[in-house]
Amino acid sequence: NVRACRAYAEKRPKVAARRDLETLRAALRHWDKEHGRLNPMPSIALPVKPEARDRYLTRKEAASLLRAARRVPHLARFILLGLYTGTRSGALLAAEWSWVDLEHGLMRRRAPGEADGSTKRRPPVRLGFRIRAHLRRWKRQDETVAFAKDADGVPIRRICHYDGQPVTKLRRSWLTARNAAGLDKAVTPHTLRHTRATWLMQGAVDMWQAAQSLGMSVRMLETVYGHHHPDYQKD
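Below is a short write-up of the structure. (Residues numbered from 1 in each chain as written. Predicted model: local features only at pLDDT ≥ 70, side-chain atom pairs only at ≥ 80, totals over all residues. Heavy atoms only, no water.)

What about the overall build of the protein?
Defined as follows: For the purposes of this entry, the term helix denotes a DSSP run of H or I that reaches at least four residues, the term strand denotes a run of E that reaches at least two, and both are numbered from the N terminus. Type-normalised accessible area, obtained with a 1.4 Å probe on protein chains alone, sets the label of each residue: buried when under 20%, exposed when over 50%, and partly exposed for intermediate values. Calculation of accessible area relied on Shrake-Rupley with a 1.4 Å probe; when residues are assessed, cover is drawn exclusively from the protein chains displayed. In summary, the charge assignment counts Lys and Arg as positive and Asp and Glu as negative, without counting His or the chain termini. By convention, the point assigned to a charge is CZ for Arg, NZ for Lys, CD for Glu and CG for Asp.
Scanning the protein for helices and strands turns up 10 helices and 5 strands. In terms of its C-alpha atoms, the protein occupies a principal-axis envelope of roughly 60 × 60 × 35 Å. Across the 235 residues that make up the protein, the buried fraction comes to 37%. Summing over all exposed atoms, the protein offers an accessible surface of approximately 15,000 Å²; the carbon and sulfur share of this is 51%. Put simply, the protein has 46 plus and 23 minus side-chain charges, and the middle of one group is 4 Å from the middle of the other.

Here's what the structure looks like:
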C-alpha cells in the first residue's frame, strides 16, 4: 500500500527506491494481465522523480580521461566509442566486430535478429571518419588475438576485450582512470553518452538526426539536452 511504499522509500536512496518500486509496479501489472486479476490492485506510491543527470565532459576532460586510459586498451576503446557514438555502456561492451561495417561507415548496436527493448532503442549509428580510423587500426591489431569461444566453439570477437576475453563491466579500470584524470565521482561510463548528446547539441546538429544517432526520442533529447543548443530560447 501507499504507506508501505513511503516507508520503504525513506530507508533507501531516492533513485534506488524509485527504481525498485517501479519494478514492483511492473511485476504487479504483468501478473494482473498474464496470470490472474488482482482485486484490488495494490497502490504503489513512487518517490518524486529526480532531475535528469546532465553531467558531461568538456573536451579537455575527455582528453584527460583518454590519456589516463592509454595503457588499458579495452578502456581506451570504450571511451572513444562512447564519445563518438553515444552508445549505452552495455551495448558497447557487447559490440562485436561483425556488427561493424567499415566500408559503409555503420555500426549496429545489437546482434542481427535480436529484438530491441520496449524503451531502450538501439538503432545503427553512422561512424565519423575519426572513429572509423580508430576501428580500422583496432581491427588490424585484433587479427592475431585468440578470442574466447562460446558454447558452440565460435569465437566471441568483441571490440572491447581484455586479451581476447569478453569484458562485462568496467570497475577498477574506470575508477583508476577517472581518478588519474582528476574527475569527480559523478563521471560514470554513462557520462560518455551524456557527453555525446551535449556535444551534438552544442554543435547545432539537427535534433532529429541527433536523436536517431543516439537512439532516443526527439522529445527526450530536447527536454534533457536542448538547453545546450545555440538556438535555445534565441528569440
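Description of the side chain of His229
Using the following cut-off: By definition, residues are in contact when any of their heavy atoms lie within 4.5 Å.
On the secondary structure map, His229 appears in the segment after α10 (218–225). Setting aside residues no more than four positions away along its own chain, His229 makes contact with Met201, Ala204 and Val205.

Quick notes on the sheet that holds strand β1 (residues 100–101)
We apply this condition: One requirement defines pairing of two strands: DSSP has to find at least two bridges between them.
Overall, antiparallel pairing links the 3 strands, which are arranged β1-β2-β3 in an open sheet. Because the sheet does not close on itself, it has two edges, and the strands there are β1 and β3 (125–126). The pairing of strand β2 (residues 106–107) with β3 spans 2 bridges and is classified as antiparallel. When the bridges of β3 are listed, Met107 appears paired with Val125.

Some points on α10
Cut-off, in case you're wondering: This arc corresponds to the set of directions leading from the helix axis out to the C-beta atoms.
Taken residue by residue, α10 has Leu221, Val224 and Tyr225 as its buried positions. The buried residues of α10 all sit within an arc of 85° when viewed along its axis, so they share a single face. Seen from the buried face of α10, the exposed residues on the opposite side, beyond 90 degrees, are Arg219 and Thr223. Along its buried surface, α10 packs onto α8 (191–202) and α9 (207–214).

Here's the deal with a positive patch on the surface
Threshold: Only residues above 30% relative accessible area that lack a salt bridge enter a patch, with like-charged residues linked at up to 9 Å and the nonpolar side chains Val, Leu, Ile, Met, Phe, Trp and Tyr linked at up to 5 Å. Should a side-chain nitrogen of Lys or Arg be within 4 Å of a carboxyl oxygen of Asp or Glu, the pair is scored as a salt bridge.
A grouping of Lys60, Arg67, Arg70 and Arg71 is seen on the molecular surface, where their side chains present a positively charged patch. By relative accessible area, Arg71 is classed as exposed at 71%.

Looking at the nonpolar core
Selection rule: Here, the term nonpolar core denotes a set of buried Ala, Val, Leu, Ile, Met, Phe, Trp, Tyr and Cys residues that are joined through side-chain atoms within 4.5 Å.
With 34 residues, the main nonpolar core has Leu65, Leu81, Leu135 and Trp174 as its most contacted residues. For this core, the secondary structure elements donating two or more residues are α3 (59–68), α4 (73–85), α5 (89–94), α6 (129–141), α7 (172–180) and α8. Examining the composition of this core, we find that 6 residues originate from one element, α4, more than from any other. When neighbours within four sequence positions are excluded, Leu65 is seen to be in contact with Leu57, Ile79, Trp174, Ala177, Arg178, Ala181, Leu183 and Leu192.

Some remarks on the environment of Thr195
Structurally, Thr195 can be placed in helix α8. It is 8.6 Å that separates the C-alpha atoms of Thr195 and Gly82, two residues lying 113 residues apart in sequence. When residues no more than four places from it in sequence are discounted, the contact partners of Thr195 are Tyr56, Leu57 and Leu83.

So, α4
This is how the line gets drawn: The span expected for a helix works out to 1.5 Å for each residue beyond the first.
Taking 1.5 Å of rise per residue, 13 residues should cover 18 Å, and α4 covers 18 Å from first to last C-alpha, within 8% of that figure. Of all 13 residues in α4, 11 are buried; the element is thus mostly enclosed. What α4 keeps buried is the set His74, Leu75, Ala76, Arg77, Phe78, Ile79, Leu80, Leu81, Gly82, Leu83 and Thr85. Positive phi appears at Gly86, one or two residues downstream of α4, with a value of about 70°.

Digging into the pattern of salt bridges
The final tally for this structure, using the stated rule, is 8 salt bridges. Of the charged contacts in the structure, one is a salt bridge between Arg12 and Asp20, with a shortest N-O distance of 2.9 Å. What you see here is one network of salt bridges that share partners, running through Arg55, Glu61 and Asp184.

Everything listed here is a matter of geometry and, on its own, says nothing about what the molecule does.
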